[in-house]
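In case you want the letters, here they are:
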Amino acid sequence: MTRDELESRLARAVAQVAQDAGAQVPLPISAPVERPRPGHSGDYASNVAMRYAKALGRPSRDIGAAIADDLLTDPGIAAVEVAGPGFLNITLAAGSLGALARTIVEQDAQYGRSDTLAGRRIDLEFVSANPTGPVHLGGARWAAVGDALARLLEACGAAVTREYYFNDHGVQIDRFAQSLLASAKGDAPPADGYGGAYLDEIVHQVEAKEPDVLSLPDDQAQEVFRREGVELMFAEVKQSLHDFGVDFAVWFHEDSLHESGAVDKAVQQLKESGQLYFADGAWWLRSTDFGDDKDRPVIKSDGNPAYIAGDLAYLRDKRGRGFDLCIYLLGADHHGYIARLKAAAEAFGDDPDTVEVLIGQMVNLVKDGKPVRMSKRAGTVITMEDLVDAVGVDAARYSLERSAIESQLDIDLDLLVKKSNDNPVYYVQYAHARTCNAKRNAAEFGIGLDVFAPELLTSPYEAALLTALSDYPNVVESSAALRAPHRVARYLEDLAGTYHRWYDNCRITPRGDDEITDTNRTRAWLNDATRIVLANGLGLLGVSAPERM
């Protein structure tokens with residue numbers, strides 16, 4: 001009996017108790033179960049009796065007792081304890097709980113996937129760094145978390161488009177071109193310009209392609225560095241992200257919104273609908289009408305579009321491409337965008353819930369107990385490549401994904417290179433490798449998946465492992481709904497610990513000359529089920545599941 005099946009069975013028990021009492025309860029009946037707290041008995045616990053006590057007009061403990069009596073008519077349920085004011089502690093029959101191992105092995109990579117978001121078309125925009133330098137550490141966090149979130153949403157049936165918005169229009173590109181020209185001439189970068197060895201690398205590549213660039217007047221040379229430098233930086237960012245395991249279906253250029261007239265069309269539409277007003281020589285969006293803290297200038301007094309003008313056109317473009325949800329994963333300095341983008345949606349007559357903005361906090365690297373602040377290549381900015389060079393892609397991604405994005409993150413480089421249980425990614429990957437090794441060892445004894453007797457899985461370590469495995473689909477669904485990939489990582493760490501305890505106490509292979517029993521053979525199924533769930537979970541995080549370590 002899976003967790004979902006138990007919740008359905010519990011809902012039917014509530015309905016039966018209500019019918020016997022001649023009472024009605026609101027439909028649909030919600031009967032969630034959870035793993036019991038440490039020190040409490042049973043495989044699952046539920047507060048459903050207290051949830052429906054008012055509707056049934058009886059003490060919750062009496063309702064719990066009636067629900068327990070109904071549940072105990074099911075051969076898949078071994079015991080139900082009514083505790084306190086009506087908490088139900090439910091123990092499944094060994095065969096019922098153990099049957100999950102076969103379900104997982106048969107479903108394999110599909111276990112944990114669902115269709116809860118089937119039919120949803122989601123645009124997920126993340127990273128979106130300016131093409132003026134390598135991806136910084138914050139961008140690396142958005143890359144890891146954004147890709148994991150896309151995988152989670154897809155696992156729940158959504159059609160997800162990963163999108164990168166290149167800010168290749170505006171003053172930052174001017175500063176980048178000026179910085180390249182200064183580097184080529186051996187001058188100091190301009191005020192608010194860019195520094196770092198990567199600029200010299202780009203200059204060398206531009207000069208190899210345009211050897212006479214410095215013989216041109218400065219304005220023409222700067223234009224060459226702008227055109228070629230942005231393209232080179234763009235290509236490098238793409239390659240770096242690909243090497244990090246992150247690929248985008250759409251690379252959207254901000255400049256295209258201005259060149260195509262999309263910004264002008266968006267502004268005109270808002271003028272005609274009365275959502276823009278003219279004051280102090282500028283055109284303003286009535287964003288306070290939709291919950292923003294102040295109205296935003298869209299066309300400045302000098303006649304040039306403000307940055308939000310591109311945001312308006314971009315949102316209009318996304319919705320025009322048929323996405324019913326547009327998720328933006330932005331950095332900590334973009335908190336004001338939550339109200340701003342929702343206001344933009346409403347200004348176009350759209351549902352603000354079609355826009356969702358997630359704000360991530362920054363990342364700090366620590367080595368030898370001290371903050372790492374300098375990058376050899378990018379000057380004062382720590383880059384994604386710095387992290388990957390230090391610990392590898394798997395450890396980098398996992399470390400960036402295992403904490404809630406709204407919390408600031410400190411990454412201990414010394415910890416992430418350790419091959420010990422203190423290193424969380426090593427701990428989980430080692431658990432997967434151990435399942436693979438156990439499978440190989442079992443095969444040497446002739447133990448395969450030819451016999452399955454789930455009623456033999458009676459050890460409390462087996463019950464704990466099966467219960468943990470049954471949680472996986474719910475973890476996937478809730479992690480997607482809450483936009484929280486870190487929940488998958490924490491689940492995998494708990495599962496790894498549960499597996500290690502089972503492995504140390506429940507042998508798959510016999511000792512010495514002991515006979516191979518059906519218990520050994522059935523445990524091979526449980527071992528394989530654990531291997532599958534660990535691999536599936538790591539896959540959602542974009543982290544490899546090694547077979548040997």
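Above this text you will find the structure in question.
Residues numbered from 1 in each chain as written. Predicted model: local features only at pLDDT ≥ 70, side-chain atom pairs only at ≥ 80, totals over all residues. Heavy atoms only, no water.

Enquirer: I would appreciate a short explanation of the overall build of the protein in the present structure.
Expert: Each helix and strand counted, the protein has 20 helices and 14 strands in total. Projected onto its principal axes, the C-alpha positions of the protein cover 85 × 60 × 40 Å. In the protein, which comprises 549 residues, the proportion classed as buried is 51%. Counting every atom, the protein has about 24,200 Å² of accessible surface; 48% of that belongs to carbon and sulfur. Here the protein holds 56 positive side-chain charges and 82 negative ones, and the gap between their average locations is 3 Å. (Helix = DSSP H or I, 4+ residues; strand = E, 2+ residues; numbered from the N terminus. Buried < 20%, exposed > 50% of the residue type's maximum accessible area, 1.4 Å probe, protein only. Areas by Shrake-Rupley, 256 points an atom, 1.4 Å probe, with all protein chains shown as cover. Lys, Arg positive; Asp, Glu negative; His and termini not counted. Charge placed at Lys NZ, Arg CZ, Asp CG, Glu CD.)

Enquirer: What am I meant to see in the sheet that holds strand 11 (residues 355-359) here?
Expert: Working definition: the strands of a sheet are paired by backbone hydrogen bonds and lie parallel or antiparallel to each other. Spatially, the five strands line up as an open sheet ordered 6-5-4-10-11, and their pairing is parallel. The open sheet terminates on both sides in strands that have one partner only, identified here as strand 6 (250-253) and strand 11. Adjacent strand axes in the sheet meet at a mean angle of 25 degrees when their direction is disregarded. The pairing of strand 5 (residues 159-166) with strand 6 spans four bridges and is parallel. Each residue of the ladder has a partner; that of Tyr164, found in strand 6, is Trp251. Where helix 6 (residues 137-155) meets the sheet, it contacts strand 4 (121-125), strand 5, strand 10 (325-330) and strand 11, and its direction lies at approximately 160 degrees from that of strand 5. (Pairing = 2+ DSSP bridges. Axes fitted to C-alpha atoms, helices over the stretch in contact; angles between N-to-C directions. Contact = heavy atoms within 4.5 Å.)

Enquirer: How do you make sense of the pattern of salt bridges when you look at a structure like this?
Expert: A side chain of one charge can pair with a side chain of the opposite charge if their charged atoms are brought near each other. Inspection of the entire model under this criterion finds 34 salt bridges. The closest approach of N and O atoms between Asp471 and Arg3, which form a salt bridge, is 2.5 Å. Of the two residues, Asp471 is situated in helix 18 (residues 460-481) and Arg3 in helix 1 (residues 3-20); the sequence distance between them amounts to 468 residues. Exposure class is identical for Asp471 and Arg3. Each is buried. A salt bridge links Glu106 to Arg102, with the shortest nitrogen-to-oxygen separation between them at 3.5 Å. Of the two residues, Glu106 and Arg102 both sit in helix 5 (residues 94-107), four residues apart, roughly one turn of that helix. (Salt bridge = Lys/Arg side-chain N within 4 Å of Asp/Glu carboxyl O.)

Enquirer: Just checking my understanding: could you explain the packing of helix 17 (residues 424-444) against helix 20 (residues 518-540) for this structure?
Expert: Helix-helix packing is described using two parameters, namely the angle between the two axes and the distance between the axes. Where helix 17 contacts helix 20, the axes come no closer than 9 Å and their chain directions differ by 145 degrees. The way helix 17 lies across helix 20 gives a crossing that is left-handed. Between helix 17 and helix 20, the residues in contact are Val428, Gln429, Ala431, His432, Thr435, Cys436, Ala438 and Lys439 and Asn527, Asp528, Thr530, Arg531, Leu534, Ala535 and Leu538, respectively. (Left-handed = near helix turned anticlockwise from the far one by under 90°.)

Enquirer: What am I meant to see in the sheet that holds strand 13 (residues 370-372) here?
Expert: Strand order across the open sheet formed by three strands is 13-12-14, with mixed pairing between neighbours. Looking at the sheet topology across the chains shown, the edges are occupied by strand 13 and strand 14 (409-412). Here the average twist between neighbouring strands, direction ignored, is 40 degrees. When strand 12 (residues 363-367) meets strand 13, the two strands line up antiparallel, connected through three bridges. Its bridge partner lying in strand 13, Leu365 is registered against Val372.

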